[in-house]
Every structure is written in structure tokens, then in C-alpha cells.
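Understanding the architecture of this molecule
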Amino acid sequence: MNVLWSKHPATVGEVADALKSPPLAYSTVLTTLRILENKGYVRHTKDGRAFVYEPLVDRQQARTAPRRA
């Protein structure tokens, strides 16, 4: 979420590149973003072949109350 809050919107590849230590597989980042989307924290739009993710909650909202989809 920190990457999306600082770089939003961002593609899966951009998020993966920002998380270099330790390096994560593209599929791992994609799975995590899909889970966050299912929980209502992010959404995606399609830009050509890429999915572009953006946060739906800010940092304060994420700290205070859990979202239910």
C-alpha cells in the first residue's frame, strides 16, 4: 500500500520494481494486489495490456477501521 500511496496510480510492474528488497516475483505482487482489491482497499483500471492500480483508502483510513467488501 505504501507504494500505491506514494506513486498512485501504478502498474503491477511499477509496484514490483519499488519493492526491490527483497525482490518479489511479478505474480506475487499481482496476487497481493488482487487480494487488496477483493478487500476493497484498491481498484484497477485497464490501460492497454496493463492493469493500473490505485488506492481507495488513505493511510489514516487503513489504520482505523477494517473495510468489508
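Further up the page is the structure itself.
So, here's what we can say about the structure.

Criteria and cut-off values
- Residues numbered from 1 in each chain as written.
- Predicted model: local features only at pLDDT ≥ 70, side-chain atom pairs only at ≥ 80, totals over all residues.
- Heavy atoms only, no water.
- Helix = DSSP H or I, 4+ residues; strand = E, 2+ residues; numbered from the N terminus.
- Rg over C-alpha atoms; globule rule 2.2 N^0.38 Å.
- Contact = heavy atoms within 4.5 Å.
- Areas by Shrake-Rupley, 256 points an atom, 1.4 Å probe, with all protein chains shown as cover.
- Lys, Arg positive; Asp, Glu negative; His and termini not counted.
- Charge placed at Lys NZ, Arg CZ, Asp CG, Glu CD.
- Core = buried A, V, L, I, M, F, W, Y, C linked by side-chain atoms within 4.5 Å.
- Buried < 20%, exposed > 50% of the residue type's maximum accessible area, 1.4 Å probe, protein only.
- Expected span 1.5 Å × (residues − 1).
- Arc of directions from axis to C-beta.

Topic: the overall build of the protein
Along the protein, the regular secondary structure elements total four helices and three strands. When the elements of the protein are put in sequence order from the N terminus, they spell out α-β-α-α-β-β-α. For a compact globule of 69 residues, the expected C-alpha radius of gyration is about 11 Å, and the protein comes in at 12 Å, within 12% of that figure. Dimensions along the principal axes, computed over C-alpha positions, put the protein at roughly 30 × 30 × 20 Å. For the protein, the share of sequence-separated contacts (at least 6 apart) that also reach a separation of at least 24 residues comes to 44%. For the protein, the exposed area adds up to about 5000 Å²; of that, 50% sits on carbon and sulfur atoms. Counting 11 positive and 6 negative side-chain charges, the protein places the averaged centre of each group 6 Å from the other.

Remarks on the nonpolar core
If you look at the biggest cluster of nonpolar residues, it comprises 14 residues, and the most contacted ones within it are Leu-4, Val-12, Val-15, Val-29, Leu-33, Val-42 and Tyr-53. Counting only elements with at least two residues in this core, the list comes to helix H1 (2-7), helix H2 (12-18) and helix H3 (26-38). Broken down by element, this core gets its largest block of residues, four residues, from H3. If we skip the residues at most four places from it in the chain, Leu-4 touches Ala-10, Val-15, Leu-33, Val-42, Tyr-53 and Pro-55.

Brief notes about H3
For H3, which comprises 13 residues, the first-to-last C-alpha distance of 18 Å matches the rise-based estimate of 18 Å (1.5 Å per residue) to within 8%. Those residues of H3 not exposed but buried are Val-29, Leu-30, Leu-33 and Leu-36. Burial along H3 is one-sided: seen end-on, the buried residues are contained in an arc of 125°. Just beyond H3, the residue with positive phi is Gly-40, at close to 90°.

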